[in-house]
Amino acid sequence: MKYFEKLLIANRGEIAIRVMRACRELDIETVAIYSTADKNALHVKYADEAFHVGEAHPSKSYLNMERIIDIARKSGAEAVHPGYGFLAENYKFAKLCLDENVTFVGPRWKTIKAMGSKIGSKQIMRESGVPVIPGTEGGIKDPEEAKKIASVIGYPVIVKASAGGGGIGMQIVNDEKGMEEAISASMRIAQSAFGDATVFIEKYLVKPRHIEFQIFADEHGNAVHLFERECSIQRRHQKLVEEAPCTIMTPDLRERMADSAIRVAKASDYTNAGTVEFLYSNGNYYFMEMNTRLQVEHTITEFITGVDIVKQQLAIAAGEPLSFEQKDLSIRGHAIECRINAEDPLNNFAADPGKIVRYRSPGGPGIRIDSGIHMGYTISPVYDSMISKLCAWDRTRYDAIKRMRRAISEYIILGVKTTLPLHYAIMNNQQYIDGNTHTHFLEEEHIFDTLERYTRDEEARMQTLAGSFDQGKKVAAITAAVNTYLQQKNG
Ligand code: MV4
C-alpha cells in the first residue's frame, strides 16, 4: 500500500530523512525543500527532488507557508509532512493545506489550535475526567484572585503562559508576597514571546517526572496508545535523554494513564500521531499538554513496539484505518535515546556550531542513529544544534544502558564540542542506573563527579580502545572537560 504517490517534507535534517526513509520503503516519491544554508545538506541528497525554499533564516524558508504550498503544487506532491518544529504545530499551515487541497500529515487544524492553548486544553481535559494540576480554570484577571486560589491550593504555585511552550514565562511563587511581581513578569514575557499575555496559575509540583504517552487515532474512530516514554532528564526545557518504558510504571498506573491518554485523544477529536504529556509526582499524574506532532523521541517507541510511526502517520493521513488494535501491541525490551548536540555542557550548554572534521558513528546490535550530518559538514548557527539521536535497545534496561555506553565509546565527533561526555556520565550515574530520574536530575546529581570517577576507573580500558579506534583525542577531550569542571567547582 502506497498511501500517496508523492510527499513533500516541510523540514530539514534528521527528521526530513527519517520521513523520507519511510517513503522509500513505501515507494512514495519524496520532495525536499532547502534553504540557502542547506544547499548541500543530506536531506536534499536523499530526496527524489529538491526545491530551494528561501534564505537561511527560518522565517524566509522553512516557515514560509505560501512558498511551501507553491512547491507542493509545482512538484505534484499530494501531501505534506511537517516533521517537528517549524510548521508542525501551526494550525494556520494545517488549515492552508486543507484549503489548498494538499493533505497535511497530522491532526485536524482545529485540534492543533485547541491544543495550542494551555488553558483551553486543560479545560477540555478537566471536563473529560482527565486529572489536571489544581489551579485557576481560566486566565488570571487580577493578582488578588490569584492569591485567593493560591491560598486554597497552597504554595508554592507556578505562573504559566497559556500560549507558552518551552518553559517561557514560567514563574515559581513561594508565598503571597511574590505573587504580584511573578504575574506581571510572566505576562510581560508572554506578551513579547507569544503576543498573548494570558497567564494562569497552578500548584507547583516539586521534582516531578515527565511521562508522556504516544497515541494514534484514525479517521474511523479508533484510538490506541503505544505506551509511555520517560523524558525527565532535560536542560533548559530541552530533553537530553529519553527512555521507554518508564522505570516506575506499574500495570495499574499504566492502565490509568493510558486510559487518560485515550480520553485526551477522544476529547480533542484527534487524528494521526500525538503525544500526551503528563507530570507525575508522589503517585499522582496530571495532564500537562498535548503535542500534536511527530516527536523527536518517537524512535524509542518504535524500538519497543516494532511499529513504524511515520508509516502509520502516512496511512492515517491517507484515510486508512489503523492496522492494529490495542491488544496487538506489547512492550519488548527497553530503549534509550541520547540527543547528541553540538554544545558545551560545561558552559551552560552554549551552542558550538562549526565544521565536523572527524566523524565515525557507532553501530552494531540494538543501535540506531538518526542524523542529518556527516564528516565535513558544517553545523549552522541558524538551526538547532542536534548532531544525532543515538538510540540503544536491549532486552532489559540495564543491558540497554550498557549498550548505550558501548555506543558512546565508539562515537567519534571532532571539530565541535558535544554533549557526548555528559551522556556518558549520565549512563554511569547510580541514580540513573537505579531509575531515579526527575526534572531536576542534572542539577541535583553530581553528574560531573561521576564522569570524573568513571574516567579515572576506565582510563586504562579507554586508552586501549583509543589505540585501536584512534580515539585518543576523544579521551583527552573528556579528561579536559572533567578538569575544567573541577577547576570551576574548586575555585
Ligand atoms: C510544571 C512543573 C511543576 N509544577 N508545572 C516545564 C516546561 C513546561 N512544559 C512545564 N514545565 C513544568 N511545569 C507544575 N505545576 C515543572 C515543570 C518543569 C519541567 C517539566 C517537564 C520536564 C522538565 C521540567 C523542568 C523544569 C520544570
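Just so we're clear, the structure is a prediction, and the values are computed from it rather than from any experiment.

Draft legend 1. Highlighting the packing of helix α1 (residues 13-26) against helix α11 (residues 309-317). Two numbers describe how α1 lies on α11: the axes approach to 9 Å, and their chain directions differ by 70 degrees. Classified by the angle their axes make, α1 and α11 are roughly perpendicular. The element α1 and its partner α11 pack so that their crossing is right-handed. Note on element contacts: α11 touches α1 through Ile 309, Val 310, Lys 311 and Leu 314, opposite Arg 18, Val 19, Ala 22, Cys 23, Glu 25 and Leu 26. For the contact of α1 with α11, the per-class residue count stands at seven nonpolar, no polar and three charged.

Draft legend 2. Main features of helix α7 (residues 143-153). Residues of α7 that are buried: Ala 146, Lys 147 and Ala 150. Down the axis of α7, the buried set is contained in an arc of 100 degrees. They therefore lie on one face. More than 90 degrees from the buried face of α7, the exposed residues found are Lys 148, Ser 151 and Val 152. Just downstream of α7, Gly 154 is the residue with a positive phi angle, here 90 degrees.

Draft legend 3. Fine view of the site of the ligand. In the vicinity of the ligand there are 16 residues, among which Lys 160, Glu 202, Lys 203, Leu 205 and Gln 234 approach most closely. A distance of 2.7 Å is found between a nitrogen atom of the ligand and a backbone nitrogen or oxygen belonging to Lys 203. In this structure, Leu 205 approaches the ligand through a main-chain N or O atom, which is 2.9 Å from a nitrogen atom. Protein chains bury 92% of the 520 Å² of accessible surface belonging to the ligand in isolation. Broken down by secondary-structure element, the contributors of at least two residues to the shell around the ligand are β6 (157-161), β8 (199-203) and β13 (284-291). In terms of domain composition, the shell around the ligand takes at least three residues from each of domain 2 (134-203) and domain 3 (209-454).

Draft legend 4. Representation of the sheet that holds strand β11 (residues 238-244) in the model. Across the sheet, which stays open at both edges, the eight strands sit in the order β13-β12-β9-β10-β11-β14-β21-β19 with antiparallel pairing between neighbours. Taken across any chain shown, the strands that pair with only one partner, and hence form the sheet edges, are β13 and β19 (367-371). Adjacent strand axes in the sheet meet at a mean angle of 25 degrees, parallel and antiparallel pairs treated alike. Across four bridges, strand β10 (residues 223-235) lies against β11 in antiparallel orientation. In the strand pairing of β11, Glu 230 is matched with Glu 243.

Draft legend 5. Region of the structure containing the sheet that holds strand β3 (residues 49-54). Reading across the sheet, the five strands line up as β3-β2-β1-β4-β5 and stay open at both edges, with parallel pairing between neighbours. In this open sheet, the two edge strands, each paired with only one partner strand, are β3 and β5 (103-104). Sheet analysis places strand β1 (residues 6-9) next to strand β4 (residues 79-81), joined by three bridges and oriented parallel. In the sheet register, Leu 7 faces β4, and the bridge partner there is Ala 79. Sitting on the sheet, α1 is in contact with β1, β2 (29-35) and β4, with an inclination near 170 degrees to β1.

So, how was this worked out
Residues numbered from 1 in each chain as written. Predicted model: local features only at pLDDT ≥ 70, side-chain atom pairs only at ≥ 80, totals over all residues. Heavy atoms only, no water. Axes fitted to C-alpha atoms, helices over the stretch in contact; angles between N-to-C directions. Helix = DSSP H or I, 4+ residues; strand = E, 2+ residues; numbered from the N terminus. Parallel < 35°, antiparallel > 145°, perpendicular 65-115°, else oblique. Left-handed = near helix turned anticlockwise from the far one by under 90°. Contact = heavy atoms within 4.5 Å. Nonpolar A, V, L, I, M, F, W, Y, C, P; charged D, E, K, R; others polar. Buried < 20%, exposed > 50% of the residue type's maximum accessible area, 1.4 Å probe, protein only. Arc of directions from axis to C-beta. Near = heavy atom within 4 Å. Polar contact = N/O pair within 3.5 Å; in protein donor to acceptor, adjacent residues only side chain to side chain. Areas by Shrake-Rupley, 256 points an atom, 1.4 Å probe, with all protein chains shown as cover. Domains from an automatic or database assignment. Pairing = 2+ DSSP bridges.

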